[in-house]
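Given next are the chains, with one letter for each unit.
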Amino acid sequence: MVTPDYWGARGEAIVRGKSKPLLVWQGIPGETSRVEVRQRGANQSYAQWLGSDEPDDFRVTPPCDRYHPCGSCPLMHLDADGQRDARRELVLYALRNEGLDDVGVNQVVPSPDGEEEFRHVIKLIAGYSDRGRPQLGAPGRFTRRIVPIPECNVVHPALRAVTKAAAHHMIDLDVRPFDGQRGLLRYIHARRSRKTGRILVTLVAKYDTRILYQYAERIALACEDVSGVHLHVNEREDNVIFERDDEGEIRTHRLMGETFLTESLIGVDYHVGPADFFQTNPAMAEVLYDDVIQASEAKDGVPIVDLYSGVGGFALALAGVTGWAVGVEANASAVRRARQAASSGRVPAEFLRSDVADALPALKKRLAKRRPVVIVDPARRGLEAEVALGILSLDPRRIVYVSCSPNSLARDLAKFVGRGWTVRSIQPYDMFPNTPHLELMCVLDPPDGGEAPVGRGPRRRVVVKP
Ligand SMILES: C[S@@+](CC[C@H](N)C(=O)[O-])C[C@H]1O[C@@H](n2cnc3c(N)ncnc32)[C@H](O)[C@@H]1O
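Residues numbered from 1 in each chain as written. Predicted model: local features only at pLDDT ≥ 70, side-chain atom pairs only at ≥ 80, totals over all residues. Heavy atoms only, no water.

Caption draft 1: Focus on helix H2 (residues 80-97). For H2, spanning 18 residues, the distance from its first C-alpha to its last is 26 Å, which sits close to the expected 26 Å at 1.5 Å a residue. Within H2, burial applies to Gly82, Gln83, Arg84, Ala86, Arg87, Leu90, Val91, Leu92, Tyr93, Ala94 and Leu95. Each element contacted by the buried residues of H2 is listed here: strand S1 (6-7), helix H10 (406-418), strand S20 (422-429) and strand S21 (439-445). Looking at where H2 begins, the residue whose side-chain oxygen comes 3.2 Å from the main-chain nitrogen of aspartate 81 is aspartate 79. Phi turns positive, to about 75 degrees, at glycine 99, one or two residues after H2. (Helix = DSSP H or I, 4+ residues; strand = E, 2+ residues; numbered from the N terminus. Expected span 1.5 Å × (residues − 1). Buried < 20%, exposed > 50% of the residue type's maximum accessible area, 1.4 Å probe, protein only. Contact = heavy atoms within 4.5 Å. Polar contact = N/O pair within 3.5 Å; in protein donor to acceptor, adjacent residues only side chain to side chain.)

This is the structure in structure tokens:
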């Protein structure tokens, strides 16, 4: 019998152990349980939960027959309240590790669409089963072989239909999965717009060839919601889905149909292309966006600097209120889409295609001592080493930090706190139910409280054209 002590970042319950930790799949901290050790590693061992005489109040039977082999939803053995408690605990650990014990963490805001069918994005891997059969699905938890997930209940039903059609026609047309050396198809990425119901599919392949056009047609014919199918050629050796070229662009080309989807959050229309980042749970994202807008306390004349702005992010939502906003984003196609949306919505936002670190000195000049509200929403790894200081050089009146990683958020907050900034409480959101992941928002105030006269934002220099 073991009693796990705390949650691991991947959703296992961890027993501290004398020499090395034991990670219990399906375990719950504080619940004394029977487990079977399945693998002994050099630094940690892995066990499977078998049963408990006094099950935790939050424990449920995972409502998915692929819970074990797939492993993408490691918290599915908890009810929704238990999952939220677990995710909040992970945020508290991350803060404690950085010495930020005083920062409060609010209760997690539940996903408005619930714990099922909330995902509007699927990422399928093409590969082989244990018996060598071509498969589309998730990477297996035990064997690294592909586990088909045609009935995955966290994705929208229309995306389940895409999963089934793509798997069927992959085999029917003999589109061979890439196995690391030979084969063609690597991944399938599909996004559904909650606003329009349309779906954009991206085939990620080792090279471009005729059969992929036929494959695209077949998927679109089988699923009437599919409005466009695109191809991204990825020759990388590793398992990154989208490869950027030297200009930071993720190149795709259209095999058929539309070039982008329109998604709407808090009344703002975003144009989302085949390889652009956009939130997976739009209903939850809408609550987050609304809170960021409130937290920014944006008003006429206050410049908004939106770093890592994707297809327009907070700059598009706030420029109308303040009269000016600038977004900085590395992905050239996302920037094109943001400019296009600003242009068609007549929004006074401009977008720079740049690494955030490179853009900050020019932005400082451009702001000419006007104190901006800075909003940052970096990728999981958080702010690059030089970015925190670069942001401070803009003398922000406030920073709103949006993050999908408690660990990198805590690490970056510690840098700001070390320079006298105050972190208000952290607000977590259930963007990814059934997993240990969540989205977080926090507001930081400068040592002087951020008081600054409100003047005019910088004059727009860039004529916004798609
Ligand atoms: C988490 S997404 C946020 C997007 C946007 N704020 C939203 O809500 O949809 C992070 C974005 O940062 C971009 N990115 C990653 N590294 C970057 C860098 N060093 N400089 C600029 N943009 C970067 C990615 O392409 C992605 O669009």
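Caption draft 2: Local environment of the packing of H2 against H10. As a packed pair, H2 and H10 sit with axes 8 Å apart at the nearest point and diverge in direction by 35 degrees. Once H2 is placed against H10, the crossing between them reads as right-handed. Of H10, the residues touching H2 (which contributes Leu90, Val91, Ala94 and Leu95) are Pro406, Asn407, Ala410 and Leu413. Within the contact of H2 with H10, the residues separate by chemical class into seven nonpolar, one polar and no charged. (Axes fitted to C-alpha atoms, helices over the stretch in contact; angles between N-to-C directions. Left-handed = near helix turned anticlockwise from the far one by under 90°. Nonpolar A, V, L, I, M, F, W, Y, C, P; charged D, E, K, R; others polar.)

Caption draft 3: Broad picture of the nonpolar core. Counting 43 residues, the largest nonpolar core has Ile188, Val201, Leu203, Leu212, Tyr215 and Val226 as the members making the most contacts within it. Sort the elements by how many residues they give to this core and helix H3 (residues 157-172) lands first, with six residues. When near neighbours in sequence (up to four residues on either side) are disregarded, leucine 212 contacts Val175, Leu184, Leu203, Ala205, Tyr207, Leu231 and Leu255. In terms of nonpolar packing, the next biggest core, distinct from the first, is built from 41 residues, Val305, Val374, Leu383 and Tyr401 among them. (Core = buried A, V, L, I, M, F, W, Y, C linked by side-chain atoms within 4.5 Å.)

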